[in-house]
Amino acid sequence: MFLQSVSLWNLAFYALMVFMATLGLWDVFFGFEENKCSMSYMFEYPEYQKIELPKKLAKRYPAYELYLYGEGSYAEEHKILPLTGIPVLFLPGNAGSYKQVRSIGSIALRKAEDIDFKYHFDFFSVNFNEELVALYGGSLQKQTKFVHECIKTILKLYKGQEFAPKSVAIIGHSMGGLVARALLTLKNFKQDLINLLITQATPHVAPVMPLDRFITDFYMTVNNYWILNARHINLTTLSVAGGFRDYQVRSGLTFLPKLSHHTSALSVVSSAVPKTWVSTDHLSIVWCKQLQLTTVRAFFDLIDVDTKQITQNPKKKLSVLNHHFIRHPAKHFEENPAIISDLTGTSMWVPVKVSKWTYVAYNENNISVVFANIEMVARKNNFFVSKRTVWIRVYWIRLIGPCFIRTFSDSRQGIDLSWKAELLPTIKSLTLRLQDYPSLSHLVVYVPSIHGSKFVVDCEFFKKETRSIQLPVTHLFSFGLSSRKVILNTSGLFYNIELLNFGQIYQAFKINVVSKCSGVKEEITSIYKLHIPWSYEDSLTIAQVPSSTEISLKLHIAQPENDSHVALLKMYTSSDCQYEVTVKTSFSQILGQVVRFHGGALPAYVTSSILLAYGGQLYSLFSTGHCLEYATMLDKEAKPYKVDPLVIMIKFLLGYKWFKELWDVLLLPELDAIVLTSQSMCFPLVSLILFLFGTCTAYWGGLLSSTSVRLLSSLWLALKRPSELPKDIKMISADLPFLTIVLIIVSWTTCGAFAILLTYLYYVFKIVHLQASLTTYKNSQTVNPKHSRRSEKKSNHHKDSTVHYLRLSANDAEDSLRMHSTVINLLTWIVLLSMPSLIYWLKNLRYYFKLNPDPCKPLAFILIPTVAILGNTHTVSIKSSKLLKATSQFPLPLAVGVIAFGSAHLYRVPCFIFIPLLLHALCNFM
């Protein structure tokens, strides 16, 4: 019945939408690199010592606990307090466990053992009872206050010690990082209690799914405080994102706001972190060995040797974090490195005669290789006198030990350039502009003892413009049918491919690098680094040449309007190979970006489509006396031109002062489209794409609900005696007031979402019963058609002869089922959007019988009687209502409103659904 009401053309369209949505979902959930994180293991059995909290505190927060992590002898020693180390507090995120601290805690313990416990860290962890704070925001403030009490409790454990700490470092995973930032908003909180904040995969900008107003209010409070008080916040903060592997929290949400007067904040994607270079998913970011090693190294470099605690110097903190998380020169951190260095030990002189050369060593002892005649070669090739910028690039490949590069103005002393080098996965690279070193005469590379392993140094002079090649990306709507490419014929070691016209999050491309090598007898590695200059989201690809390598090109952060930088593909190549770089649009990845950035708004678009179909059904009932099929009305009424132009027009008018003032006078909330624009998330045609996806979802959802009702009715008929159509229609049955009162009491005393679910199940039961009655009637009509026709005539005659006593005919029952099927689809979305608070309540039922605060309680109070009446409502009882025409016109503006105000605030969607349902119920009485 449902499929018969849809043309083959529309069915093909809905199937196409499913295919496109599947492509986008596949890119989000599977279109990324494999997990390259190494697992971190404990060398001894992990133990979690529960820290005893004050009785009042434990009574106030019965579900929360504080633990101290330890292993082996360390755990045994610290069972007897007080402590002597440096306190670090770990805050788990949504549904996170306090035991997630074990990875970084174990690595820090091994590092302390390596230095004979000269310094060591004490890792504490908070047990939030694995609360679902990403789904329900009512407990975020409670968690924040508990963490404040934990910090004070932790510091008391060090009282009386010689180097007692006055503050703690905090590592927050997911929502735990937001809770840590929220500490500063507490009235009695002293900012000095936190000396460092590191967040991992924390959505700082906005909630992933704004499912209740408590989450959005909490975000607004935290972010507004940090923005308004940025000048007074001196807390050094590092935010680490997981990259494209983390499909739960997209990396764009983790970037802290860049404020000109707040320079103590860094945001970086794990794929850009030196010595890590991998993307992590939402959970592996807490146990990824590469990333945790980097974090622990940074912690130990942050220690002040005088206080034996984390330094209070903000400049040093930022320098250490930059050293380990942004650009690593492959040297241990030094706060004040020496610029001038002496040449000591054995030297080997290598005369340089050409502009490009290679040195290979297998030495067993430490040696300094001096490349002489640098100045002569440069002048011979007119590099110093050239009007163009000339660079020298040096690569060296090593296995063991540090490497140093020095330029010398005399034979024994020179400038140490090793701090300007950059560490890459298999090489260390240094680029110098010769004009900056006019007295350069020698280049010295310190080669450590590598026990016979191969050590290679590659050097070359080059003019910058010869290695910078522009490659415009293909158009968004080329759909991968066209491509652009460049061929690198020269035998250089480095190329900068400038990716022109690339800077928006809706752009996505595939870059294919094909390398062809001649005369290569051993394995050669090339490195391709995608560098995004406006954010730290670089990614590296290592390729064994000759080969064909595919690189995904898409962004986490859009290019700011005032930023003129160009995204680069930095290629560290082999001089024996020729490279061909091709770029083409990836349609599947574009759809993936739509899903990644806007998938959370889909419920609003689905609801908008259903509301349009609902309004069409009500109008058809008013104009013709009959209700058309849901699928037919969805095809007829769910058109994007009914919604999008109005939203665009409102957004345009809000740019005028007079309209904005009128908007504020009416106390209307901010338009969601403006919120998305402020976050650089506006795609061309994105609203159209989402509307089509929403209509498709509404169609297949309607098919699923209709099929489910028919199956349940068949099951009902199999288990119960066949029922008949109601002989009379009663809007308010004898048990309806009692049932309504019971459900309202349930909502008041337990959870509003639970009462909504019970109300929904009652409504479904009523519709299943009606479907079973209609099926029974049709079966009886097939068996005895004459008797059925007489009954139908009698029913129609009775219906015409009285107004107050209505009898339901088969046609009226079918019309009612069509209307009820649409109402079920609307109610289903109300139930789905209220599910998070219900799940949270069920999970914490042993601690709290009543959910407080309850985001669904106000809605439940009004929805329960409304749905109870709708369950007894039939089309025959409302088709003559004076309110029906006005009711049929309401869904259209509400369909616009749900897009305008609900796409970025999903908790508002049920309000837009409820209004037409209430009017529909009132039609029974007016």
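Scoring rules and cut-offs
Residues numbered from 1 in each chain as written. Predicted model: local features only at pLDDT ≥ 70, side-chain atom pairs only at ≥ 80, totals over all residues. Heavy atoms only, no water. Helix = DSSP H or I, 4+ residues; strand = E, 2+ residues; numbered from the N terminus. Buried < 20%, exposed > 50% of the residue type's maximum accessible area, 1.4 Å probe, protein only. Contact = heavy atoms within 4.5 Å. Areas by Shrake-Rupley, 256 points an atom, 1.4 Å probe, with all protein chains shown as cover. Disulfide = S-S within 2.5 Å. Salt bridge = Lys/Arg side-chain N within 4 Å of Asp/Glu carboxyl O. Pairing = 2+ DSSP bridges. Axes fitted to C-alpha atoms, helices over the stretch in contact; angles between N-to-C directions. 1 Å grid on protein atoms, 1.4 Å probe; cavity = no way out; pocket = protein on both sides within 12 Å on 5 of 7 lines; lining within 4 Å. Points joined across faces, edges and corners; volume = space filled by probe spheres on them. Core = buried A, V, L, I, M, F, W, Y, C linked by side-chain atoms within 4.5 Å.

Peer 1: Tell me about the overall build of the chain, and name the residues and values.
Peer 2: Counting its regular elements, the chain contains 27 helices and 30 strands. Going through the 926 residues of the chain one by one, you find that 56% of them count as buried. For the chain, restricting intrachain contacts to residue pairs at least 6 apart in sequence, the fraction spanning at least 24 positions comes to 81%. By element, 58% of the accessible surface of the chain is carried by carbon and sulfur atoms, the whole surface being about 41,400 Å².

Peer 1: Which residues make up the state of the cysteines, and what are the values?
Peer 2: The bond known as a disulfide is covalent and runs between the sulfur atoms of two cysteines. Counted under the stated rule, the structure contains two disulfides. What pairs with cysteine 517 in a disulfide is cysteine 577, and their sulfur atoms sit 1.9 Å apart. Measuring the twist about the S-S bond at about 100 degrees, one finds the cysteine 517-cysteine 577 disulfide to be right-handed. Of the two residues, cysteine 517 is situated in strand β25 (residues 508-517) and cysteine 577 in strand β30 (residues 577-585); the sequence distance between them amounts to 60 residues. For cysteine 577, a relative accessible area of 6% translates into the label buried.

Peer 1: Residues and numbers for the pattern of salt bridges, please.
Peer 2: Throughout the structure, instances matching the rule amount to 20 salt bridges. The residue glutamate 65 makes a salt bridge to lysine 50 at a minimum N-O spacing of 3.0 Å. You can see glutamate 65 sitting in strand β2 (residues 65-71) and its partner lysine 50 sitting in strand β1 (residues 46-50), a full 15 residues away along the chain. Across the pair arginine 245 and aspartate 281 runs a salt bridge, and its minimum N-O distance is 3.6 Å. Of the two residues, arginine 245 is situated in the loop between β7 (237-241) and β8 (265-269) and aspartate 281 in the loop between β8 and α8 (289-301); the sequence distance between them amounts to 36 residues. Judged by relative accessible area, arginine 245 falls into the buried class, the value being 11%. Residue classification places aspartate 281 among the buried positions, given a relative accessible area of 18%. One salt-bridge network, held together by shared partners, links Glu44, Glu71, Arg110 and Glu113.

Peer 1: Go over unusual backbone geometry, please, and point to the residues and values.
Peer 2: The peptide bond linking valine 545 to proline 546 adopts the cis configuration, its omega dihedral lying at 0 degrees. Position of proline 546 relative to the elements: it lies in the loop between β27 (539-545) and β28 (547-554). The omega angle of the peptide bond from asparagine 852 to proline 853 is 0 degrees, so this bond is cis rather than trans. Look at alanine 95: it is not a glycine, yet its phi comes out positive at around 60 degrees. Relative to the helices and strands, alanine 95 is located in the loop between β3 (86-91) and α4 (102-114).

Peer 1: Describe the sheet that holds β27, with residues and values.
Peer 2: Read across the open sheet, the five strands follow the order β22-β24-β29-β26-β27; overall the sheet is mixed. Two strands lie at the open edges of the sheet, namely β22 (468-472) and β27, each paired on one side alone. Across this sheet, the average inter-strand angle for adjacent strands is 20 degrees, counted without regard to direction.

Peer 1: Pulling in residues and values, what's your account of empty space enclosed by the protein?
Peer 2: Going through the model one piece at a time under the given rule, you end up with six cavities of 30 Å³ or more. In this model, the largest cavity occupies a volume close to 80 Å³. Residue lining of the largest cavity: Tyr69, Gly70, Tyr74, Gly105, Ala108, Leu109, Ala112, Phe117, His120, Phe121 and Phe123, and that is the complete set. Within the residue set of the lining of the largest cavity, elements represented by two or more residues are β2, α4 and β4 (121-127). If you tally residues by element for the lining of the largest cavity, the top one is α4, at four residues.

Peer 1: I'd like a rundown of the nonpolar core, residues and numbers included.
Peer 2: Core analysis: the biggest nonpolar cluster contains 134 residues, and Leu499 and Met571 have the highest contact counts within it. At 15 residues, the largest contribution of residues to this core is made by helix α22 (residues 810-843). Those residues in contact with leucine 499 that sit more than four places away from it in its chain are Leu471, Val473, Ile511, Leu530, Leu553, Val566, Ala567, Leu568 and Leu569. One finds Leu57, Leu68, Leu91 and Val179 within the second-largest nonpolar core, a separate group that totals 45 residues.

Peer 1: A description of the sheet that holds β25 should follow, citing residues and the corresponding values.
Peer 2: What the four strands build is an open sheet, ordered β23-β30-β25-β28; its pairing is antiparallel. Since the sheet does not close on itself, it has two edges, and those belong to β23 (484-488) and β28, each with one partner. Averaged over all pairs of adjacent strands, the angle between their axes in this sheet comes to 15 degrees, without regard to strand direction. When β25 meets β28, the two strands line up antiparallel, connected through eight bridges. Residue pairing across strands places phenylalanine 509 opposite leucine 553, the latter belonging to β28. Across the face of the sheet, helix α12 (residues 587-598) comes into contact with β25, β28 and β30 while running at roughly 140 degrees to β25.

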